[in-house]
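Per-entry structural report
So the chains spell out like this:
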Amino acid sequence: MMHLILPATVIASVLSAQEAEVLKKLHGVWRIEGIALSPSLDHGALGRSVKTIIGEYVIWDTEQKLLVGLPRCSFARTVLRGESKDATGLRKVELRELDLDGGRFMPGIILVRQGSLLLCYSCLPGDEFPGDLEVARSSQPLILLTLRRIDNHPGLEDSRRMLAKLQGKWREAAVAVTDDRGELQTNIGELQGNVWTIRDHIIQVEVPARKKKL
């Protein structure tokens, strides 16, 4: 049996080393240098708002498995899929919302190439993974970011200090929501009173029982 166990052990160690190398390349602060949207998003209010963040920063903290600053998914846990999609190094990544529902995630693909990072992901939780980086031909609501690493940026430590300040319980005292046209909605008072509990990078929301109107 030893001749069967040894190859399996070697393969496992090789895969682990490959994943460690990918994570090392992702760790750090990235500047958004370009944004491309699929046709279903490009001409709407969402597309206009997303394009305004070119030049802002995204923090990928692979030690904490956190990704901070993405449009439509600003604070997420990340799960890197072990398999490569193809020979170019394209890989699948799950952008999981910071709550206790482990089944909801934004599916995406990443490619690290010559100091740049290409990240393409769907705006719909639980959607299919993008097939490639050609968002202009996709029927999915996809966002494609082109990012470049920023060296010697204090963003990683800043994000950890921010996360430490968020720990504990928070009650929603006021809620403001806009519709697709950017108009402020006023019939949202029933959302107030929710309690958010933040432990490490997990958020749990408790919704109190609402009194029925007579």
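Because the structure is predicted, anything quoted here is derived from the model rather than measured.

The rules behind these values
- The numbers attached to residues start from 1 for each chain and follow its sequence in the written order.
- In keeping with the predicted nature of the model, local features appear solely for residues at pLDDT of at least 70, side-chain atom pairs appear and are counted solely at 80 or more, and the whole-chain, interface and lining totals rest on all residues.
- Water and hydrogen atoms play no part in the side-chain values, which are based on all heavy atoms of the structure.
- The set of buried Ala, Val, Leu, Ile, Met, Phe, Trp, Tyr and Cys residues whose side-chain atoms join them within 4.5 Å is what this entry labels a nonpolar core.
- Using a 1.4 Å probe on the protein chains alone, a residue whose accessible area is under 20% of its type maximum counts as buried, one over 50% counts as exposed, and one in between counts as partly exposed.
- Strands here mean DSSP runs of E at least two residues long; helices mean DSSP runs of H or I at least four residues long; both are numbered from the N terminus.
- In what follows, a contact means two residues having at least one pair of non-hydrogen atoms within 4.5 Å.
- Nonpolar side chains (Val, Leu, Ile, Met, Phe, Trp, Tyr) are joined into patches within 5 Å and like charges within 9 Å, using only residues with over 30% relative accessible area and no salt bridge.
- Accessible areas in this description were obtained via Shrake-Rupley with a 1.4 Å probe; residue shielding takes into account the shown protein chains only.
- Here, a salt bridge means any Lys or Arg side-chain nitrogen found within 4 Å of an Asp or Glu carboxyl oxygen.
- In plain terms, two cysteine sulfur atoms within 2.5 Å form what is called a disulfide here.
- Here a polar contact is recorded for every N or O atom pair within 3.5 Å, except that within protein the pair must consist of a potential hydrogen donor and a potential acceptor, and residues adjacent in sequence are included only if both atoms are side-chain atoms.

Considerations on the nonpolar core
- In this structure, Trp60, Leu70, Leu95, Leu119 and Ile143 are the most contacted members of the largest nonpolar core, which totals 27 residues.
- Looking at which element gives the most residues to this core, the answer is strand E1 (residues 28–37), with four residues.
- Setting aside its immediate chain neighbours within four residues, Leu70 contacts Val58, Leu95, Leu119, Tyr121 and Leu145.
- Counting eight residues, the second largest nonpolar core, distinct from the first, contains Ile109, Leu111, Val135 and Leu144.

Section: a nonpolar patch on the surface
- Residues Trp170, Trp196, Val205 and Val207 make up a contiguous nonpolar surface patch of roughly 380 Å² in combined accessible area.
- Within the element layout of this structure, Val205 appears in strand E13 (residues 202–206).

Concerning the state of the cysteines
- This model, assessed by the stated rule, comprises zero disulfides.
- Residue Cys73 stays outside any disulfide, its sulfur separated by 9.5 Å from that of Cys123, the closest cysteine.
- Classification of Cys73 as buried rests on a relative accessible area of 5%.
- On the basis of relative accessible area, Cys123 is assigned to the buried category, the value being 6%.

What to know about the side chain of Ser122
- Mapping Ser122 onto the fold places it in strand E7 (residues 116–122).
- Taking the relative accessible area as the measure of exposure, Ser122 reaches 0% and is therefore buried.
- Of the polar contacts made by the side chain of Ser122, one reaches the side chain of Asp127; its length is 2.9 Å.
- Beyond its immediate sequence surroundings of up to four residues, Ser122 is in contact with Met106, Pro107, Asp127, Gln140, Pro141 and Leu142.

Focus: the environment of Thr52
- Within the secondary structure layout, Thr52 lies in the loop between helix H3 (45–51) and strand E2 (57–61).
- With a relative accessible area of 60%, Thr52 lands in the exposed category.
- C-alpha of Thr52 to C-alpha of Ile35: the two residues are 17 residues apart in sequence and 9.4 Å apart in space.
- From its side chain, Thr52 meets the backbone oxygen of Ser49 in a polar contact 2.5 Å long.

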